[in-house]
Amino acid sequence: MDTYDLIMRNAEEVVTDEEVRELADDPSGKRAYVGYEPSGVLHLGHLLTANKLIDLQEAGMEVVVLLADVHAYLNGKGTFEEIRDTAEQMKAQFIAYGLEEDRTEFVYGSSFQLDEDYTLDLHELELATTLNRAQRAMAEIQGGETAKVSHVVYPLMQCLDIEYLDLDLAVGGLDQRKVHMLAREELPELGYDVRPALHTPIVADLTSGEGKMSSSEGVTISMEDSTEQLEEKVNSAFCPPTRDPEGDLENPVLELFEYHVFPRFEEIVVERPDKYGGDLTYEDYETLATDLESGELHPADAKGTLASYLDELIAPGREKLREIRD
Ligand code: NAL
């Protein structure tokens, strides 16, 4: 795959395409990053952006993972001490998942966000941004209440981080797009450069195919799931045989194949007894999706296969978590 295609694989949106093409022309030494509010257990939402970081490493870029402890604090996730603890666990799971340890820089937000220069720049941004704009940037991240002052400081700090971490590309889920748009607008006001952003899709809720899969509501798959729990969740997932003609409902089983399985495996084997036609081998997502729609691939076989590949992906992280907790 050429570098541009690798960078763009499974990206829902890039801003702007032209800037990303420029990066793809000369990726070596360029820095891409994702920020995560530390959380003790990684779930598929984290792994979707991690897959993109793995793509970017393969493309020759340097990867920065921001362990956003101050952001988590501003978002009410606990005391600094609790957040730090979960950040260490998060880091261990990312490495177990496949981020290359010696080519990934893990940075704590608190290691630079409390410095004087940073604070003064933050105040300048506060002065330049309306409350309304900052609240709108935060709404999709916080998912409801943005009533605290901390919730409007949060997106401004996220904008500044892009400058302070000296990044060439900001990566995030589609729910981060308003923050990245704010950054593109505001950073030049402070005399800083505009950086391109790449957004990954938001996977639909597993059981309904609607809205987004989230750890706070509904079902998500995490590093903590046993093989049996994983099978149970995947087996009860919504998996309509044909694509929704109205286009409102997604097929989460197909989405997981597309965003989580195909990027990490050369080929996917669906094991079937000979009397049901024998094994099927897929090298690309489209062929599998077409077979599911035509009936050639039964949803039950698709789900069983999905569960076993996901299990393989999370097994090292699950093992790591056990080690940490024992
Ligand atoms: C992402 C988050 C927090 C701080 C960041 C700083 C710079 C770049 C990305 C960042 C977490 C993200 C979330 N807002 O919703 O998980």
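As the structure is a computational prediction, the values presented were derived from the model and not from experiment.

Caption draft 1: Inspection of the nonpolar core at higher detail. With 68 residues, the main nonpolar core has Val65, Phe94, Leu256, Phe257 and Leu310 as its most contacted residues. Considering each element in turn, this core owes the most residues, eight residues, to helix 13 (residues 299-325). Taken domain by domain, the makeup of this core includes at least three residues from each of domain 1 (3-200) and domain 2 (227-325). Val64, Met138, Ile141 and Tyr154 belong to the second largest nonpolar core, which has 29 residues in total.

Caption draft 2: Local environment of the side chain of histidine 260. Among the secondary structure elements, histidine 260 is positioned in helix 11 (residues 252-261). Classification of histidine 260 as buried rests on a relative accessible area of 1%. For histidine 260, the contacting residues outside a window of four places in its chain are Leu44, Leu47, Leu48, Asn51, Glu255, Leu310 and Leu313.

Caption draft 3: View of the domain arrangement of the protein chain. According to the domain assignment, the protein chain contains domain 1 (3-200) and domain 2 (227-325). Here the C-alpha centroids of domain 1 and domain 2 sit 29 Å apart. Opposite the 15 residues of domain 1 that make contact, domain 2 presents 14 residues. At the boundary of domain 1 with domain 2, total buried surface from both sides reaches about 1400 Å², with 63% on carbon and sulfur atoms. Three residues stand out in domain 1 for area buried against domain 2, namely Asn10, Leu44 and Tyr97, and they jointly supply 35% of the buried area on that side. Between the two partners, domain 1 and domain 2, sit zero salt bridges. Applying the counting rule to domain 1 against domain 2 returns three residue pairs in polar contact (both at pLDDT 80 or more). Of the residues in the side of domain 1 that touches domain 2, the class split is eight nonpolar, six polar and one charged.

Caption draft 4: Fine view of the side chain of threonine 129. Checked against the element boundaries, threonine 129 lands in the loop between helix 6 (116-128) and helix 7 (131-142). Polar contacts involving the side chain of threonine 129 include one to the main-chain carbonyl oxygen of leucine 125, which spans 2.7 Å. A distance of 3.4 Å separates a polar atom in the side chain of threonine 129 from a polar atom in the side chain of glutamate 186.

Caption draft 5: Focus on the sheet that holds strand 5 (residues 169-173). Spatially, six strands are ordered 1-6-5-2-3-4 in an open sheet, and the strand pairing comes out mixed. The two strands at the open ends of the sheet, each matched to only one other strand, are strand 1 (13-15) and strand 4 (104-108). Going from strand to strand, the sheet's axes swing by 20 degrees on average, the running direction of each strand aside. Taken together, the six bridges between strand 2 (residues 31-36) and strand 3 (residues 62-67) define a ladder with parallel strand orientation. Its bridge partner being in strand 3, arginine 31 is matched across the sheet by glutamate 62. Against the sheet, helix 5 (residues 80-97) touches strand 2, strand 3 and strand 4, its axis set at about 170 degrees to strand 4.

Caption draft 6: Focus on unusual backbone geometry. With an omega of -5 degrees, the peptide bond running from valine 15 to threonine 16 counts as cis. Here threonine 16 is to be found in the loop between strand 1 and helix 2 (17-25). Non-glycine residue asparagine 10 carries a positive phi angle of around 60 degrees. A relative accessible area of 23% means that asparagine 10 is categorised as partly exposed.

Caption draft 7: Spotlight on a negative patch on the surface. On the surface, Glu58, Glu266, Glu267, Glu283, Asp284 and Glu286 cluster together to form a negatively charged patch. Looking at where glutamate 286 falls in the secondary structure, it is placed in helix 12 (residues 285-294).

What counts and how
- Residues numbered from 1 in each chain as written.
- Predicted model: local features only at pLDDT ≥ 70, side-chain atom pairs only at ≥ 80, totals over all residues.
- Heavy atoms only, no water.
- Core = buried A, V, L, I, M, F, W, Y, C linked by side-chain atoms within 4.5 Å.
- Buried < 20%, exposed > 50% of the residue type's maximum accessible area, 1.4 Å probe, protein only.
- Helix = DSSP H or I, 4+ residues; strand = E, 2+ residues; numbered from the N terminus.
- Domains from an automatic or database assignment.
- Contact = heavy atoms within 4.5 Å.
- Buried area = accessible area lost by both parts, 1.4 Å probe.
- Salt bridge = Lys/Arg side-chain N within 4 Å of Asp/Glu carboxyl O.
- Polar contact = N/O pair within 3.5 Å; in protein donor to acceptor, adjacent residues only side chain to side chain.
- Nonpolar A, V, L, I, M, F, W, Y, C, P; charged D, E, K, R; others polar.
- Pairing = 2+ DSSP bridges.
- Axes fitted to C-alpha atoms, helices over the stretch in contact; angles between N-to-C directions.
- Patch = residues over 30% accessible without salt bridge, like charges linked within 9 Å, V, L, I, M, F, W, Y side chains within 5 Å.
- Areas by Shrake-Rupley, 256 points an atom, 1.4 Å probe, with all protein chains shown as cover.
- Lys, Arg positive; Asp, Glu negative; His and termini not counted.
- Charge placed at Lys NZ, Arg CZ, Asp CG, Glu CD.

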